[in-house]
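Given next are the chains, with one letter for each unit.
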Amino acid sequence: MKYGQHLKENIAPEYGPEPYLNYQHLDGIIRILSGKAMSSADMDSRQVSLTTPAPTNTKGVVLDSATITEEAFISAIDSELTKVEHFTLRKVTELRNILKDIETKLKEISLNDEEEVDSLKKIADSVAYKFLTLEKYVNINFMGFHKILKKHDKYCPGAPCKIFYVNRMHSQAWVRGDYSDVVVRLSSIYSVLRNDHVVEEMADPSQSFLRSTNKYWIKTEDVSKVKYAVLRHLPVFLQKTSTGESDSQLTNSVYLDNDQLELYHCRLDKTPGALALRLRWYGATDPSLVFVERKTHRDKWIGEVSMKERFMIKEKEVQQILTNTYPIEAKKEKMIKDGSTQEEADDWECLVREITQAISSKQLVPTMRTQYMRTAFQIPFDATVRVSLDTNLCMISERGYDLKNMTVWHRDHNQTIAHNEITRFPHAVLEIKLELKDANAAPPKWVTDLQNSGLLYEVHKFSKFIHGCAVMMPEDVRAVPYWVDDASLRPSILASGGGRILVRSDMTDAEKKKLKHPGSGPGANQVYDHLLPFGDIENSKINTALGRTAQCKPATQGVVDSRKKRDSSGQNGYGVNFYSDADLEEFDEEEDEDTCVGWLFPFCSPYNNLSVVAPTSVQKIEPKIFFANERTFLHWLHAGITLYTISSGILVFSGKEGSSWAHWYAMALLPIALGFCIYALHVFLWRADRIKTRVPGRWDDPRGPFILGGALAIILTLNFIAKLVQIWKYESNEL
């Protein structure tokens, strides 16, 4: 589809076409300029004459003074940029005024008045909707300017201007502006309307967390939608160090490791007890308070839970931690004097000693730093449900400078970082952390709805530390995580000089035939084809991938249909697709009918032609499931062999005269025994495939055992009846 048509179909009906980029007009100017074959300007000339005619074009033709020149395009593009910027700022101002009115009314009404509360909630919902509409307006125009400038430079190479205008756009308020204050104020309004209660803050400086965590990637254009979906249920949690002017704050974490990257490889291999040690601080200024954190991996499937522990120190004490000279005994005595219990002090001492000893024994040094803007959604000091959203994520190498006996433990922020010492992650990262009372307790419905919204792309066990080390230190790693093969990450990895960890893009056809998935490197992606949210370079799904947690009724059977498109009544074709991405949970209810063979044998069912694979948060896989499948197979096989042995024995002894019924009885049992064996093998392979690909839905076959058991019961019943008839005849003859 031409972008002009795409823009026309995505115009917001409430805006109309006037505020949008006039793509057709600019495209017409480019067509005229390309037809005139304008010549390039003389870059060495420093003088002009007011009486000299314009130079001829590249075809040697004299152009008259009325001919459209590059100035017409420049003036038009400037006018369009100004129009879009003014419209964006005006709409944001209107939304801020509405929020101000809501905040004023909140002070005047009683929260017990349900009508007033519902009325204000509807107004807040409309503000959120208008803000998301405005963001889509900005994105559609931003992409339009990119497209038209690229087209200009292609057809008018004599006067390229894309680089200048793209940089100019990034400096203008409608692109560069941070309007997160709208999100913060909306969050405060929803919090008041919900009547949230603040939990008392924990006074213990040593905090331990036992949580279940799921991690997701989010496209940049979907960040605001996800923020709105969360803030309707949880307030934006601003840390004490935050200024409160934004919904996010800068977070830095320096990870420690040694020259062999021991911690990296243990975390990558998910070795039980694998450690991750980091120094974290908040805010854009130099750190004053630093959190020393330790994350310990445990295998959940054996009943253990991974743990994160931390304690707080001053910045000047970091060197003592890294050199194992921290005055633990003195600090412990001070804690007790300040009111901490003996048990709390002992736990704190144990944690500090274990961390300092690990740093010393493993010779850990600052290795890699993550930096991002974190938005946290949480009722203050209540970790029951906590959602964090990390944007502007980048990983920075912390190697290559003098540590000066650990007095310098992170890069100077005033120094420029080389391109191969930093990698910028193209997606936002969402973490949903739950702390439920019961292991079998279900998460809140709104959390499930968010996971099923189609906006989230689950990436199992994604780690910023692992990704940063793999990309920044490709010569030192022995293995890399599976997600580096994702097509959406490849440009950022190549830009950071980490190309050696990626699969070659210039493989020959013969080399590709040797691999199951030639677009992925060796490892898990050669076995499984569902791990990468956006596919690999051979099967890229960047523009077509849906959220990896999206489910519906057909998905439980292994089938996902296309989305419905809402019918919009836009005039003249304007806005017919504007709402096309709003129905994230609506799917076509029409399902393919199962065939008779598929009904009897699930391995042949059309529901196995999968177009989606369930993420691990939807369908958990534990190693014992594979063994359970094998045990079930052996039990069925044992029953079939036993039945076959019995039927063979009956057949052997049915050779006597008058044993014709026994002969037919044995011949009837033999195919049933064979059916048991074939069915056992069939279901074993079918279930193993579903376990491997984590197909959402049932993994049992309710029909096969019923059919085989019913057939066996019929044969046994007939044999029972035949024996009764035989006994009756015998008794009759005796009489």
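My aim in this report is to walk through the structure given alongside it, one point at a time. (Residues numbered from 1 in each chain as written. Predicted model: local features only at pLDDT ≥ 70, side-chain atom pairs only at ≥ 80, totals over all residues. Heavy atoms only, no water.)

**What to know about the overall build of the protein**
Our working definition: Only DSSP runs of H or I reaching four residues or more are called helices, and only runs of E reaching two or more are called strands; each is numbered from the N terminus. Residue exposure (1.4 Å probe, protein chains only): buried if accessible area is under 20% of the type maximum, exposed if over 50%, otherwise partly exposed. Two residues form a contact once any of their heavy atoms are found within 4.5 Å. Here, Shrake-Rupley sampling with a 1.4 Å probe gives the accessible areas, and only protein chains in the shown set may cover a residue.
The number of helices and strands found in the protein is 21 helices and twelve strands. Per-residue burial for the protein yields a buried fraction of 43% across its 735 residues. In the protein, the share of contacts with a sequence separation of at least 24, taken over all contacts with a separation of at least 6, comes to 73%. Summing over all exposed atoms, the protein offers an accessible surface of approximately 39700 Å²; the carbon and sulfur share of this is 54%.

**Remarks on the side chain of Asn 629**
What counts here: Definition of a polar contact: a pair of N or O atoms within 3.5 Å, with one able to donate and the other able to accept a hydrogen when the atoms are protein atoms, and with sequence-neighbouring residues admitted only if both atoms are side-chain atoms.
Position of Asn 629 relative to the elements: it lies in helix α19 (residues 623-652). Look at Asn 629 and you get buried, because its relative accessible area is 4%. There is a polar contact of 3.3 Å between the side chain of Asn 629 and the side chain of Arg 687. Those residues in contact with Asn 629 that lie beyond four places of it in its chain are Phe 684, Arg 687, Ala 688 and Ile 691.

**Describing unusual backbone geometry**
You will see that Leu 261, though not glycine, has its phi angle at about 55°, which is positive. Relative to the helices and strands, Leu 261 resides in the loop between β4 (249-257) and α9 (262-269). Here Asn 405, not a glycine, exhibits a phi torsion of approximately 55°, which is positive. Counting through the fold element by element, Asn 405 comes out in the loop between β9 (385-397) and β10 (422-424).

**Observations regarding the nonpolar core**
Going by this rule: The set of buried Ala, Val, Leu, Ile, Met, Phe, Trp, Tyr and Cys residues whose side-chain atoms join them within 4.5 Å is what this entry labels a nonpolar core.
Core analysis: the biggest nonpolar cluster contains 72 residues, and Phe 73, Leu 186, Leu 430, Ile 432 and Leu 456 have the highest contact counts within it. By residue number, the principal contributor to this core is helix α4 (residues 114-155), which donates 13 residues. Setting aside anything within four residues of it in sequence, one finds Leu 430 in contact with Asn 214, Lys 215, Tyr 216, Ile 218, Val 226, Val 387, Ser 388, Leu 389, Leu 450 and Leu 456. Among the nonpolar cores identified, the runner-up in size contains 32 residues, and Trp 217, Tyr 264, Met 472 and Trp 483 belong to it.

**So, the packing of aromatic side chains**
Here is the rule we go by: Geometry of aromatic contacts follows a simple scheme: Phe, Tyr and Trp rings, the Trp one being its six-membered ring, pair when their centres are within 6.5 Å, and the pair is stacked under 30 degrees between planes, edge-to-face over 60, tilted otherwise. Only Lys NZ and Arg CZ are tested; either one counts as a charge over a ring when it is within 6 Å of the ring centre and within 35 degrees of the ring normal.
Counted by the stated rule, this structure contains 24 aromatic pairs. Between the aromatic rings of Tyr 15 and Phe 87, the centroid separation amounts to 5.0 Å while the plane-to-plane angle is 80°, which identifies the pairing as edge-to-face. Here Tyr 15 is found in the loop between α1 (3-9) and α2 (23-36), whereas its partner Phe 87 is found in helix α3 (residues 70-108), with 72 residues between them in sequence. Each member of the pair, Tyr 15 together with Phe 87, is buried. With centroids separated by 6.0 Å and ring planes inclined at 75°, the aromatic side chains of Tyr 282 and Phe 291 adopt a geometry described as edge-to-face. Note on accessibility: Tyr 282 and Phe 291 belong to one class, buried. Through successive ring pairs, a cluster of aromatic residues spans Trp 217, Phe 425, Phe 462, Tyr 482 and Trp 483. Here the guanidinium or amino end of Arg 310 rests over the ring plane of Phe 291, the centre of that ring lying 4.3 Å away. Positioned above the aromatic ring of Tyr 372 is the side chain of Lys 464, whose terminal nitrogen or guanidinium carbon lies 5.1 Å from the ring centre.

**Looking at the packing of helix α11 (residues 328-337) against helix α12 (residues 342-362)**
Helix-helix packing: each pair is described by the crossing angle between the helix axes and the interaxial distance. Quick reminder of the rule: Every axis corresponds to a line fitted to the C-alpha atoms, with the helix fit spanning only the stretch in contact, and the corresponding angles, defined between N-to-C directions, vary from 0 to 180 degrees. When describing relative orientation, an angle under 35 degrees is termed roughly parallel and one over 145 degrees roughly antiparallel, while 65 to 115 degrees is termed roughly perpendicular and anything else oblique. Two helices that cross are described as forming a left-handed crossing if the nearer one is turned anticlockwise from the farther one by less than a right angle, and a right-handed crossing if clockwise. When residues are grouped by polarity, Ala, Val, Leu, Ile, Met, Phe, Trp, Tyr, Cys and Pro land in nonpolar, Asp, Glu, Lys and Arg in charged, and all others, Gly among them, in polar.
Contact geometry of α11 with α12 gives a least axis separation of 10 Å together with a crossing angle of 155°. The angle between α11 and α12 falls in the class roughly antiparallel. The element α11 and its partner α12 pack so that their crossing is right-handed. Between α11, through Ile 328, Glu 329, Lys 331, Lys 332, Met 335 and Ile 336, and α12, the contact on the second element is made entirely by Gln 342, Glu 344, Ala 345, Asp 346, Trp 348, Glu 349, Val 352, Arg 353 and Thr 356. Among the residues forming the contact of α11 with α12, the class breakdown is six nonpolar, two polar and seven charged.

**Side note on helix α8 (residues 223-231)**
Taking burial as the measure, the nine residues of α8 include seven buried ones, the bulk of the element. Residues Val 223, Ser 224, Val 226, Lys 227, Tyr 228, Val 230 and Leu 231 constitute the buried set of α8.

**Some thoughts on a positive patch on the surface**
Keep this limit in mind: Without a salt bridge and with relative accessible area above 30%, a residue can belong to a patch; like charges are then joined within 9 Å and nonpolar side chains (Val, Leu, Ile, Met, Phe, Trp, Tyr) within 5 Å. The salt bridge criterion pairs a side-chain nitrogen of Lys or Arg with a carboxyl oxygen of Asp or Glu, the two atoms within 4 Å. For the purpose of charge, His is not counted, nor are the chain termini; Lys and Arg are scored as positive and Asp and Glu as negative. To locate a charge, the coordinates of NZ of Lys, CZ of Arg, CG of Asp or CD of Glu are taken.
Taken together, the side chains of Lys 2, Lys 147, Lys 150 and Lys 154 define a basic patch exposed on the protein surface. Looking at where Lys 154 falls in the secondary structure, it is placed in helix α4.

**Here's the deal with the packing of α4 against α8**
Contact geometry of α4 with α8 gives a least axis separation of 10 Å together with a crossing angle of 170°. When the axes of α4 and α8 are compared, the pair comes out roughly antiparallel. Contacts from Asp 125, Ala 128, Phe 131, Leu 132 and Glu 135 of α4 reach α8 at Ser 224, Lys 225 and Tyr 228. Split into classes, the residues belonging to the contact of α4 with α8 amount to four nonpolar, one polar and three charged.

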